[in-house]
Amino acid sequence: MIFISAQPYDYELPDATKVALIVIDMQRDFLEPGGFGEALGNDVTRLQSIVPTVRKLLDAFRDRHLPIIHTIECHKPDLSDCPPAKLNRGKGKLKIGDVGPLGRILVLGEPGNAIISELSPLPGETVITKPGKGAFYHTDLEYLLRDKGITHLLFAGVTTEVCVQTTMREANDRGFESLLIEDATESYFPEFKQATIEMIRAQGGIVGWTTTAENVLQGLGKIG
Ligand code: C5J
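Residues numbered from 1 in each chain as written. Predicted model: local features only at pLDDT ≥ 70, side-chain atom pairs only at ≥ 80, totals over all residues. Heavy atoms only, no water.

Asker: How should the overall build of the protein chain be read in this particular structure?
Answerer: Looking only at helices and strands, one finds 9 helices and 10 strands in the protein chain. Its C-alpha atoms give the protein chain a radius of gyration of 17 Å, near enough to 17 Å, the size a compact globule of 224 residues would have. With respect to the three principal axes, the spread of C-alpha positions in the protein chain is 50 × 35 × 30 Å. For the protein chain, the residues scored as buried account for 52% of the 224 residues in total. Counted over contacts in the protein chain with a minimum sequence separation of 6, partners at least 24 positions apart contribute 72%. As displayed, the protein chain has an accessible area near 10,000 Å², and 53% of this comes from carbon and sulfur atoms. (Helix = DSSP H or I, 4+ residues; strand = E, 2+ residues; numbered from the N terminus. Rg over C-alpha atoms; globule rule 2.2 N^0.38 Å. Buried < 20%, exposed > 50% of the residue type's maximum accessible area, 1.4 Å probe, protein only. Contact = heavy atoms within 4.5 Å. Areas by Shrake-Rupley, 256 points an atom, 1.4 Å probe, with all protein chains shown as cover.)

This is how it looks when you write it as structure tokens:
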């Protein structure tokens, strides 16, 4: 048994083969000027602050040959997987599918849809492309995790209260033990990040656990 110091109590990994790091939507659309995040009026520099921490976690998982799953929020070029409720909402100057400085907004394969270069997936790492906020919706993520016998998920990425929290809730309902790494996730709204952390671990961990990257690295350091 491996323990990671966490709230509301220690997070227990039965063994290292059952754990995966899920890195949510660290794509140019959300982190770089000219993308979707900025088009919606957000200060994207806030999200860039977590990049070195996410990189440290990736390096630790890579060193130990543990599974890493990246996600990208995106749509098909014909937008047939983007419902009007998503397409028409938002008060940004650019909508999903419009051409912006990084190519078509949130469209698969466009320059802005790529994961930022510092965190680029390596060969062999899984990349899940997802049309929703949650990474389980209309993807193979659940089958992939069950196939590999993964039961415990560690979450990093953006944004805390949108795609990260939605995916954690989906994971929780499917029986996966979910841990949010607080300093490896960020929001355009600091108060939303804080509220998300608190609501996840409230009521004895109603959605899951929260911890720091340091605690994860320490916990993993104890592996064989
Ligand atoms: C958003 C995300 N914020 N990755 N997506 O629309 O959180």
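There is more to say after this.
Asker: When you look at the site of the ligand in this model, what are you seeing that I'm missing?
Answerer: Near the ligand, the surroundings consist of Asp25, Phe30, Glu73, Lys133, Val158, Thr159, Val162 and Cys163. Look at the ligand: alone it shows 230 Å² of surface, and the protein chains cover 92% of it. One can see that the ligand is located within the largest pocket. Its residues placed into classes, the shell around the ligand shows 4 nonpolar, 1 polar and 3 charged. (Near = heavy atom within 4 Å. 1 Å grid on protein atoms, 1.4 Å probe; cavity = no way out; pocket = protein on both sides within 12 Å on 5 of 7 lines; lining within 4 Å. Sits in = over half its atoms within 2 Å of the grid points. Nonpolar A, V, L, I, M, F, W, Y, C, P; charged D, E, K, R; others polar.)

Asker: What's the story with the layout of surface pockets in this structure? I'm lost.
Answerer: Empty space among the atoms becomes visible once a probe the size of a water molecule is rolled across them. Here the largest pocket defines a volume of roughly 600 Å³. Lining the largest pocket we find 25 residues, and of these Phe36, Leu40, Glu73, Lys133 and Val162 sit closest to its centre. For the lining of the largest pocket, the secondary structure elements donating two or more residues are α2 (36-39), α5 (84-87) and α7 (160-173). In terms of residue class, the lining of the largest pocket is built from 13 nonpolar, 5 polar and 7 charged. (Points joined across faces, edges and corners; volume = space filled by probe spheres on them.)

Asker: How should I be thinking about the side chain of Lys130 in this particular structure?
Answerer: Note that Lys130 resides in strand β7 (residues 126-130). Exposure remark for Lys130: the relative accessible area of 0% places this residue in the buried category. A polar side-chain atom of Lys130 sits 2.8 Å from a polar atom in the side chain of Asp25. Only 3.0 Å separates the side chain of Lys130 from the backbone oxygen of Lys133, close enough to count as a polar contact. With residues near it in sequence (within four places) discarded, Lys130 still touches Asp25, Thr71, Ile72, Glu73, Cys74, Ala135, Thr139 and Cys163. (Polar contact = N/O pair within 3.5 Å; in protein donor to acceptor, adjacent residues only side chain to side chain.)

What is shown is where atoms sit, not what they do.
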